[in-house]
Amino acid sequence: MPRPVRVRIAPSPTGTIHLGLARTALFNWAFARRSGGRFVLRIEDTDRERSTSESEQEIIEGLSWLGIEWDEGPDRGGPFGPYRQSERIESHREAARTLLEAGRAYRCFCTPKRLAELREGQQARKETAAYDRRCRALDPAEAAARADAGEPFALRFAVPPGETRVDDLVRGEVVFQNVDIDDWIMVRGDGNPTYNFVVVCDDAAMEISHVVRGEEHLVNTPKQVQLFAALDSRPPRFAHLPLMLGGDRKKLSKRAGDVSLEDYRAKGYPTGAILNFLALQGWALDGETEVFSTRRFVEAFRLEDVSKGGAVFDADKFRWLAGEYLRAESPADLAGHCAPFAAAAGLLDERQLTERAEWFEAVVAGERERISLYSELPDRIAYLFAADDAVAWEAKAEKNARKQGGALLAEYLEWLRPRLTGGVDAPALREATRAWIAERGAAFGVLFQPLRCALAGKAGGPDLFDIMAWLGGEACLRRIAVAIERLAAVREGER
RNA sequence: GGCCCCUUCGUCUAGUCUGGCCUAGGACACCAGGUUUUCAUCCUGGCGACAGGGGUUCAAAUCCCCUAGGGGUCACCA
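A brief report on the enclosed structure follows. Predicted model only: the values in this text are computed from it and were never measured.

## Thoughts on the packing of helix α12 (residues 331–344) against helix α14 (residues 357–367)
- Viewed as axis vectors pointing N to C, α12 and α14 meet at an angle of 95°, and their least axial separation amounts to 9 Å. When the interaxial angle is binned, α12 and α14 end up roughly perpendicular. The segment α12 lies against α14, with Pro 331, Ala 332, Leu 334, Ala 335, Cys 338, Ala 339 and Ala 342 engaging Phe 360, Glu 361, Val 364 and Ala 365.
- Of the residues contributing to the contact of α12 with α14, the split by class is 10 nonpolar, no polar and 1 charged.

Spelled out as structure tokens, the structure:
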């Protein structure tokens, strides 16, 4: 019998947003949208030591920045609240009590020391490390008496005999033998519940219909399925997403480089590119189309189409995709996205950005083919802000300039001087300069290479006459004059 | 090591369920050429894979079995 689609992500607020979490969020969200269901954000702050409200904020802010929106969550409430696990502790205690009374859970008085020794022995004998279920044999009344007397205990789930089947939407049916499932701890000695316990209690209480998460959780699933049964609650369908892998083909981790969403935000990846790339990790639109909108993704997304094998994170492809999105932006949008990076680099302050908005937009539009990330702009245009007599020359630019020599440049400067008084008319100047070079029977490069070096100090870049227009006539003339001297002076020095 | 999952170009993947249209398609990267005042963008072309072995079948990347390899997980973490 079908039930309303309700999915969730349950991140623990213990750090930054991992790309894996971002993808899980994206897939859950897309699935909910596609099926007309609800997407829930639940903060999994079971680990009180490591959970912080800053991290929770970061999760909320980061996912919002990406454009992923949840229907219920700690920041916006909802009919199944509260949405922070720590605030649901009473219901967890209640569930634990019920399970204990029903005999589905039992008190374990084993000390951490004994457990450690047990584990060591099992490992030494190459046996499966699992609790030996010693306390499961205890008489409930006796156990209750010991607990009343103040003896510390943990609560373990009593795994029943038999087997557990998980009908995974991505992987098909997966069967586990219950003897292989440990009598895992539901409530710790200090009274705090564990993740595997609360996650099921909350999923049940919030009527979660589908659990879509990373493959590392697949082995937890039988424990959870058994708990749903013990709770007399209908279990959700499961879908385990393939892992995102690092270059070593192991689970993507900090070791592999930048794995947090914030890293990519700081580097200036367009949000559309991030979403698009994440969608491609374990899913494909039609096998042909690589660049597609979030809208198309949502329309076409089906859990059944998710691939099973792990996906190695391809930083090159991600960067390429970023460039595709960046280049598709309007000049105004692109300028707006690049502005903070230009400001951070100390090129322009906010006031200048406002006053010279049109100018900045033109510059950004002129550089767009050469950058893939917003953060790459400042380096490309820094020369525009250099002092005219101190433009940094790249080695290759200088080499090109030197190959052609400054003679023609000096001649050009004299020709140019009277033509720049009334501002720079790029198209007209381009035409006139071409004619001027043709008159002399020279190749374009003989003038353009030294000129490019003089103006920008770079071997490549936008159209020279656009650069002149951005720079303004006075600056151009000064830079060319300085370059003529510089080219001549060094030649002297070489002798 | 136990349990579980996975296996198509270097990488992301289409094709696998419903065997034939697959001399296996697309993309990134790489290489070559073209366009351009340069760089880049862009365009064209090239390189490059069904892990191995059996079986079923007229026919297998697609179905079955075995082997190998990789990964995940084995906490009073989440």
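Structure shown, so let's carry the discussion forward.
## Some words on the protein's contact with RNA strand B
- Taken together, 65 residues lie around RNA strand B, and Arg 188, Glu 369, Arg 434, Gly 461 and Asp 463 are the ones closest in.
- In RNA strand B, atoms within 4 Å of the protein come 73% from sugar and phosphate.
- Between RNA strand B and Arg 171 there is a distance of 2.6 Å, counted from a sugar or linking oxygen to a side-chain nitrogen or oxygen.
- Taking Glu 290, its side chain carries an N or O atom lying 2.9 Å from a base nitrogen of RNA strand B.
- Those elements that place two or more of their residues in the surface near RNA strand B are α4 (112–124), β6 (172–177), α6 (195–205), β11 (311–312), α11 (315–328) and α19 (444–456).
- It is α11 that contributes the most residues to the surface near RNA strand B, 4 residues altogether.
- Of the residues that constitute the surface near RNA strand B, the class distribution is 23 nonpolar, 16 polar and 26 charged.

## What about the sheet that holds strand β3 (residues 105–108)?
- Pairing in this open sheet of 3 strands is antiparallel, and the strands run β3-β4-β7 from one edge to the other. In the strand order of this sheet, the two ends are held by β3 and β7 (185–187), each with one partner. In this sheet, neighbouring strand axes are inclined to one another by 45° on average, regardless of whether the strands run parallel or antiparallel.
- Bridge count between strand β4 (residues 154–157) and β7: 2 bridges; the pairing is antiparallel. When the sheet's bridge partners are listed, Leu 155 is paired in β7 with Val 187.
- On top of the sheet, helix α3 (residues 89–101) reaches β3, β4 and β7; it is set at about 95° to β3, its chief contact.

## Topic: the pairing of strand β2 (residues 38–41)
- Here 4 bridges tie strand β1 (residues 6–9) to β2, and the two strands are oriented parallel to one another. In the sheet register, Arg 6 faces β2, and the bridge partner there is Arg 38.

## Here's the deal with α19
- Between the first and last C-alpha of α19 there are 17 Å, a value that for 13 residues agrees with the 18 Å anticipated at 1.5 Å per step.
- Along α19, the positions that sit buried rather than exposed are Leu 447, Phe 448, Pro 450, Leu 451, Arg 452, Cys 453, Ala 454, Leu 455 and Ala 456.

## A word on the packing of aromatic side chains
- With the rule as written, the count across this model stands at 23 aromatic pairs.
- The interplanar angle of 40° and the centroid separation of 5.2 Å between the aromatic rings of Tyr 264 and Phe 318 together place this pair among those described as tilted. Remark: Phe 318 occurs in helix α11 and Tyr 264 occurs in helix α8 (residues 261–266); sequence separation between them is 54 residues.
- Here Phe 318 falls in the buried class, since its relative accessible area comes to 1%.
- When the centroid spacing of 4.4 Å and the interplanar angle of 40° are considered together, the rings of Tyr 269 and Phe 318 count as tilted. With Tyr 269 in the loop between α8 and α9 (271–279) and Phe 318 in helix α11, this pair connects stretches of sequence that are 49 residues apart.
- Put simply, the rings of Phe 27, Trp 283, Phe 292, Phe 297 and Phe 301 pair up and form one aromatic cluster.
- Across from the ring centre of Phe 109, 4.2 Å away, lies the NZ or CZ of Arg 146, which sits over that ring.

## Remarks on the pattern of salt bridges
- In the structure shown here, the tally under the stated rule is 42 salt bridges.
- Of the charged contacts in the structure, one is a salt bridge between Arg 88 and Asp 202, with a shortest N-O distance of 2.9 Å. One end of the pair, Arg 88, is in the loop between α2 (53–66) and α3; the other, Asp 202, is in helix α6, with 114 residues separating them in the sequence.
- By relative accessible area, Arg 88 is classed as buried at 8%.
- Residues joined by salt bridges that share partners form a network here, namely Arg 8, Arg 42, Arg 88, Asp 202 and Asp 203.

## Quick notes on the environment of Ile 381
- Mapping Ile 381 onto the fold places it in helix α15 (residues 377–381).
- What makes Ile 381 buried here is its relative accessible area of 0%.
- The residues touching Ile 381, leaving out its near neighbours within four places in the chain, are Leu 347, Phe 360, Val 363 and Glu 367.

## As for the environment of Arg 48
- Mapping Arg 48 onto the fold places it in the loop between β2 and α2.
- In sequence terms Arg 48 and Asn 192 are 144 residues apart; their C-alpha atoms lie 9.4 Å from each other.
- When neighbours within four sequence positions are excluded, Arg 48 is seen to be in contact with Ile 89 and Asn 192.

Scoring rules and cut-offs
- Residues numbered from 1 in each chain as written.
- Chains lettered and ligands numbered in written order.
- Predicted model: local features only at pLDDT ≥ 70, side-chain atom pairs only at ≥ 80, totals over all residues.
- Heavy atoms only, no water.
- Axes fitted to C-alpha atoms, helices over the stretch in contact; angles between N-to-C directions.
- Helix = DSSP H or I, 4+ residues; strand = E, 2+ residues; numbered from the N terminus.
- Parallel < 35°, antiparallel > 145°, perpendicular 65-115°, else oblique.
- Contact = heavy atoms within 4.5 Å.
- Nonpolar A, V, L, I, M, F, W, Y, C, P; charged D, E, K, R; others polar.
- Near = heavy atom within 4 Å.
- Polar contact = N/O pair within 3.5 Å; in protein donor to acceptor, adjacent residues only side chain to side chain.
- Pairing = 2+ DSSP bridges.
- Expected span 1.5 Å × (residues − 1).
- Buried < 20%, exposed > 50% of the residue type's maximum accessible area, 1.4 Å probe, protein only.
- Phe/Tyr/Trp six-rings, centres within 6.5 Å; stacked < 30°, edge-to-face > 60°.
- Lys NZ or Arg CZ within 6 Å of the ring centre and 35° of its normal.
- Salt bridge = Lys/Arg side-chain N within 4 Å of Asp/Glu carboxyl O.

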